[in-house]
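# Examination of the molecular architecture
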Amino acid sequence: MNNIDKQYTDLLQDILDNGVTKSDRTGTGTISVFGRQIRHKMSEGFPLLTTKKMAWKTMVTELLWFLRGDTNIKFLVDNNCHIWDGDAYKRFTYYTDEETSLERFIELIKTDDEFAKKWGELGKIYGKQWRGWTSTKAVEFDEETFAPTKYEDIKVNDQIQNLINDLKTNPDSRRLMVNAWNVGELNQMVLPPCHYGFQVYTRELSDEERYDLIEKDKHTQFVKWESLGTDRIREVLDEKNVPKRAISLMWNQRSVDTPLGLPFNIASYGLLLEIIAKTVNMVPDELIGNLGDCHIYLNQIDGVKEQIGRELSESERYRIFEDKGYEFRMIKDWSKEEQYDKVGIPKRTREPYPLPTLKHMKTDEFYKSLSEDLTLLTHLDNIDFVVENYQSHPTIKMPLSN
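Heads up: these notes are all about the structure in this document. (Residues numbered from 1 in each chain as written. Predicted model: local features only at pLDDT ≥ 70, side-chain atom pairs only at ≥ 80, totals over all residues. Heavy atoms only, no water.)

## Points about unusual backbone geometry
- The phi torsion at Asn-80 lies on the positive side, around 60 degrees, for a residue other than glycine.
- Position of Asn-80 among the secondary structure elements: in the loop between helix 3 (74-78) and helix 4 (85-95).
- Even without glycine at this site, Asn-389 takes up a positive phi of about 60 degrees.
- Relative to the assigned elements, Asn-389 resides in the segment after strand 10 (384-388).
- Using a relative accessible area of 64% as the deciding quantity, one classes Asn-389 as exposed. (Helix = DSSP H or I, 4+ residues; strand = E, 2+ residues; numbered from the N terminus. Buried < 20%, exposed > 50% of the residue type's maximum accessible area, 1.4 Å probe, protein only.)

## Digging into the nonpolar core
- Counting residues in each nonpolar core, the largest one holds 83 residues, and the members touching the most others are Trp-56, Trp-130, Phe-198, Trp-251 and Leu-271.
- Setting aside anything within four residues of it in sequence, one finds Trp-130 in contact with Leu-63, Phe-66, Leu-67, Asp-158, Gln-159, Ile-160, Val-178, Ala-180, Phe-198, Tyr-269 and Leu-272. (Core = buried A, V, L, I, M, F, W, Y, C linked by side-chain atoms within 4.5 Å. Contact = heavy atoms within 4.5 Å.)

## A look at helix 8 (residues 159-169)
- Among all positions in helix 8, only Gln-159, Ile-160, Leu-163, Ile-164 and Leu-167 are buried. Each buried residue of helix 8 sits inside an arc of 135 degrees when the element is viewed along its axis, so together they form one side.
- Two or three places before Ile-160, at the start of helix 8, stands the capping residue Asp-158, its side-chain oxygen 3.3 Å from that residue's backbone nitrogen. (Arc of directions from axis to C-beta. Polar contact = N/O pair within 3.5 Å; in protein donor to acceptor, adjacent residues only side chain to side chain.)

## Observations regarding the side chain of Lys-128
- On the secondary structure map, Lys-128 appears in helix 7 (residues 126-132).
- No salt bridge is formed by the buried Lys-128, whose closest oppositely charged neighbour, Glu-185, lies at an N-O distance of 4.0 Å.
- In contact with Lys-128, other than residues within four places in its own chain, are Gly-69, Thr-71, Trp-133, Thr-134 and Glu-185. (Lys, Arg positive; Asp, Glu negative; His and termini not counted. Salt bridge = Lys/Arg side-chain N within 4 Å of Asp/Glu carboxyl O.)

## Some details on the environment of Pro-243
- Within the secondary structure, Pro-243 sits in the loop between helix 10 (230-239) and strand 7 (245-257).
- When the C-alpha positions of Pro-243 and Val-280 are compared, they lie 8.9 Å apart, and in sequence the two are 37 residues distant.
- Pro-243 has contacts with Leu-205, Arg-210, Leu-213, Asn-281, Met-282 and Val-283, leaving out every residue within four places of it along the chain.

## Regarding helix 2 (residues 56-68)
- Between its terminal C-alpha atoms helix 2 stretches 18 Å, which fits the 18 Å expected from 13 residues at 1.5 Å a residue.
- Counting buried positions along helix 2 yields eleven of 13 residues, so the element is predominantly enclosed.
- Among the residues making up helix 2, those that are buried are Trp-56, Thr-58, Met-59, Val-60, Thr-61, Glu-62, Leu-63, Leu-64, Trp-65, Phe-66 and Leu-67.
- Phi for Gly-69, located one or two positions after helix 2, is positive at around 80 degrees. (Expected span 1.5 Å × (residues − 1).)

## Topic: the sheet that holds strand 5 (residues 177-179)
- What the six strands build is an open sheet, ordered 1-2-8-7-6-5; its pairing is mixed. What marks the edges here is a single partner per strand, and that holds for strand 1 (20-22) and strand 5. The sheet shows a mean angle of 20 degrees between the axes of neighbouring strands, direction not considered.
- As judged from the three bridges shared by strand 1 and strand 2 (residues 30-41), these two strands associate in the antiparallel manner. Its bridge partner being in strand 2, Lys-22 is matched across the sheet by Thr-30. (Pairing = 2+ DSSP bridges. Axes fitted to C-alpha atoms, helices over the stretch in contact; angles between N-to-C directions.)

## Quick notes on the packing of helix 1 (residues 4-18) against helix 12 (residues 301-308)
- Between helix 1 and helix 12, the least distance of the axes is 10 Å, while the angle of their chain directions is 135 degrees. Taken together, helix 1 and helix 12 sit at an angle that is classed as oblique. For the crossing formed where helix 1 meets helix 12, the hand is left-handed. Contacts from Tyr-8, Thr-9, Leu-12, Gln-13 and Leu-16 of helix 1 reach helix 12 at Ile-301, Val-304, Lys-305, Gln-307 and Ile-308.
- The residue inventory of the contact of helix 1 with helix 12, partitioned by class, reads six nonpolar, three polar and one charged. (Parallel < 35°, antiparallel > 145°, perpendicular 65-115°, else oblique. Left-handed = near helix turned anticlockwise from the far one by under 90°. Nonpolar A, V, L, I, M, F, W, Y, C, P; charged D, E, K, R; others polar.)

## Some details on the pattern of salt bridges
- A complete count under the given rule lists 23 salt bridges for this structure.
- In this structure, Asp-14 engages Arg-36 in a salt bridge whose closest nitrogen and oxygen atoms are separated by 2.6 Å. Note that Asp-14 is positioned in helix 1 and Arg-36 in strand 2, a separation of 22 residues in sequence.
- The salt bridge involving Lys-150 is made with Glu-140; its shortest N-O contact spans 4.0 Å. A residue pair is termed long-range when its members are at least 10 positions apart, and Lys-150 in strand 4 (residues 148-157) and Glu-140 in strand 3 (residues 133-141) qualify at ten residues.
- Among the charged side chains, a salt-bridge network with shared partners connects Lys-41, Arg-203, Glu-209 and Asp-285.

## Let's talk about the packing of aromatic side chains
- The full count for this structure, using the stated rule, is 17 aromatic pairs.
- Relative to Phe-115, the ring of Phe-92 lies with its centre 5.6 Å away and its plane at 65 degrees, an arrangement referred to as edge-to-face. Within this pair, whereas Phe-92 is found in helix 4, its partner Phe-115 is found in helix 6 (residues 113-119), the two being separated by 23 residues in sequence.
- By relative accessible area, which is 0% here, Phe-92 ends up buried. (Phe/Tyr/Trp six-rings, centres within 6.5 Å; stacked < 30°, edge-to-face > 60°.)

## Quick word on the packing of helix 4 against helix 5 (residues 102-111)
- Interhelical geometry of helix 4 versus helix 5 gives an angle of 100 degrees and a closest axis separation of 11 Å. If you check the angle between helix 4 and helix 5, you find them roughly perpendicular. Across the interface between the two elements, Asp-85, Ala-88, Tyr-89 and Phe-92 from helix 4 touch Leu-102, Phe-105 and Ile-106 from helix 5.

The structure is reproduced here in structure tokens:
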């Protein structure tokens, strides 16, 4: 079942129908609505949109960059991820008088470590706040009044590590949160966080739900449910390390570039939920997005309409029917439309495909790194997430406003 594509295209249509025109910091202009929500059951498939082709590896690389605590685009560029290039380049051109093209700028990031260290840095953005939230402490005081006169930054929180530890020790806590909106450091970021925080929630799985997890594993031999008593069922489930809890994730987003950013955010937080669940041996349950200013840039409207698509006429459906080599049959007095539906002829130009599934591969060291050793995230060699059976419509090119 694929409800996430429909929720997404419904949101695009909502903005087109009900959005108000607003100016913005980029000078492009938007139409926007405020306060929307999307919900997805992870059991229905991995939430990678199918109404346009998604850049899966780019999205994975960005999330791993966040989880590394990294804030320099060097790692992204070296792994062929370029979604933050414009922000770094904008900073470079603002502070220098050099006439350097974006292409040359990226080449220097790749090849000149000193240049990358200075100009690839984006400030205290997501990764810094997720894995190294800092606060100040007083280190010098006035001799007479004892009032603080000098402060120093100190690292106080690896929020990802704390989250994982809390999930293992206190999974019913209502404080299972990670926040990127560090008010004291917003002016030290090239761009304040758009998705500024997330919260997770867990619940206990019933014996039946745990047993179903075994049943879904075709490689596991297990006796019939009815032949075991409740106590023995639980013993066997525990012996096989079957998860005891389900975990959901809800993220909050102040600003939503709905055509370009939101599809990435949905898939990225879906992957983050899968990663956290795997790390603490839980089952991914529900993914929820609370969305503030949901906008479409004015130069994206044509692409948005293409992705929403339109209903196919009867003649268009008939041509597809013929191209697939089908012929009409007088079966139970079915109409043409019913026969189209029976053989899977699409009704719209961008009808969603079934959602893919996520496969975790070669990731044991990666999961260990989140709670024990951050240095294991230095290389991507042992990190491999694969989406299986991913079908999508073609890519839609739309401009990104920085």
